[in-house]
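Below are the chains, spelled out letter by letter.
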Amino acid sequence: MKVTKIGEALGADISGVDLSHPIAAREFAAIRAAWLDHLVLRFRDQSLTDPQLKAFSALFGELDPPGPNPYGRPFLPDHPELNVISNIKVDGKPIGGLGDGEAIWHADMTYVERPPMAAMLHALEIPPRGGDTYWANMYLAYETLSPELKARIAGKRAAHDATYNSAGLMRKGYAEVGDPRKAPGARHPLVSTHPETGRKCLFLGRRRNSYIEGLELAESEALLDALWAHATQDQFTFRQEWRVGDVVLWDNRCTLHRRDAFDPAARRLLHRTQIKASQ
């Protein structure tokens, strides 16, 4: 097994591992250590069945079923632990979520009290161009904040709205939100301490309908705008140009991610797992 850094801020390739076979304990320990060091791991040229994808994902912890999607039904009834990210339609019905548009910066399911600690994508069909995914390192984002901004957010909590997904679609069972202070969803500290590394990081969730408790709305909006502008600078990011057979694992506790739009006429299909928080 070889670990090769692929981004200045985060990201590493893991080569010499076939994820379709059982992973020995010693090898998995090295993979997990690399993940904690690099935040995003990429395994190229993998050919996995859905059960094999689930088996590898489960080495990191208990699988977490996907959150509600706008269609109100699982995309893979035989594998309800998996989510499908796709723009493909069969008989006029989407076989997956997020379509072909841009997915804005976000961390996954931070609108619940215990968001998943990790997620994994397996690329099955990829368009010839577009649909790239970007991750941002929230350790670096926090560590490079000005002393003034660090002082302003110390001890502050923010609302994480549950109404919309990262493509801007309203989730089934929710209603339009006009005032961020009334948004449904969990409240989390703006500064989080990673339970395994002990490092501090920004924990922003997603921008839409976010609100910092205890502030006037205008002050909360201005402060959130400043934090988001800082956290998503290019210097903190890694860009993933997908190939069929890529498996990408990321730490949801200390990263944000987003996706570029792509040609609606092209096909894109990825299967996704997520892992429950360990504590």
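Please refer to the structure higher up on the page.
Before going into details, it helps to say that this report is about the structure given with it. (Residues numbered from 1 in each chain as written. Predicted model: local features only at pLDDT ≥ 70, side-chain atom pairs only at ≥ 80, totals over all residues. Heavy atoms only, no water.)

### As for the pattern of salt bridges
Applying the stated criterion across every chain yields a total of 18 salt bridges. Glutamate 81 is paired through a salt bridge with lysine 54; the nearest N and O atoms lie 3.2 Å apart. Here glutamate 81 is found in the loop between helix H2 (50-58) and strand S4 (83-86), whereas its partner lysine 54 is found in helix H2, with 27 residues between them in sequence. When its relative accessible area of 15% is taken as the criterion, lysine 54 is described as buried. One salt bridge in this structure joins arginine 258 and aspartate 260, with 2.8 Å as the shortest N-O distance. Accessibility classification places arginine 258 together with aspartate 260 in one group, the buried group. One network of salt bridges, in which partners are shared, links Arg32, Glu196, Asp251 and Arg253. (Salt bridge = Lys/Arg side-chain N within 4 Å of Asp/Glu carboxyl O. Helix = DSSP H or I, 4+ residues; strand = E, 2+ residues; numbered from the N terminus. Buried < 20%, exposed > 50% of the residue type's maximum accessible area, 1.4 Å probe, protein only.)

### Quick word on the sheet that holds strand S2 (residues 12-15)
Through backbone hydrogen bonds, the strands of a sheet pair up, either in parallel or in antiparallel fashion. Taking strand neighbours across the sheet as the criterion, the 8 strands line up as S1-S2-S3-S17-S9-S19-S4-S7 in an open arrangement whose pairing is mixed. This sheet does not close on itself; its edge strands, each paired only once, are strand S1 (2-5) and strand S7 (97-98). As paired elements, S4 and S7 share 2 bridges and run parallel to each other. What sits directly across from serine 86, in S7, is leucine 98. Set on the sheet, helix H1 (residues 25-38) makes contact with S1, S2, strand S3 (40-43), strand S9 (118-125) and strand S17 (247-251); between it and S3 the angle comes to about 130°. On the sheet, H2 packs against S3, S9 and strand S19 (269-275) and is oriented at approximately 30° with respect to S19. (Pairing = 2+ DSSP bridges. Contact = heavy atoms within 4.5 Å. Axes fitted to C-alpha atoms, helices over the stretch in contact; angles between N-to-C directions.)

### With respect to the nonpolar core
Trp135, Met138, Leu202, Leu204, Leu227 and Leu256 are the most contacted members of the largest nonpolar core, which totals 40 residues. At the level of secondary structure, the elements contributing two or more residues to this core comprise S9, strand S10 (133-137), helix H3 (138-143), helix H4 (147-153), strand S14 (200-202), helix H5 (217-231) and S17. Looking at which element gives the most residues to this core, the answer is H5, with 5 residues. (Core = buried A, V, L, I, M, F, W, Y, C linked by side-chain atoms within 4.5 Å.)

### Describing the side chain of aspartate 179
Relative to the helices and strands, aspartate 179 resides in the loop between strand S11 (157-159) and strand S12 (187-189). Taking relative accessible area as the criterion, aspartate 179 reaches 19% and is therefore assigned buried. Reaching out from aspartate 179, the side chain makes a polar contact with the backbone nitrogen of arginine 181 at a distance of 2.9 Å. (Polar contact = N/O pair within 3.5 Å; in protein donor to acceptor, adjacent residues only side chain to side chain.)

In short, geometric facts, not functional conclusions.
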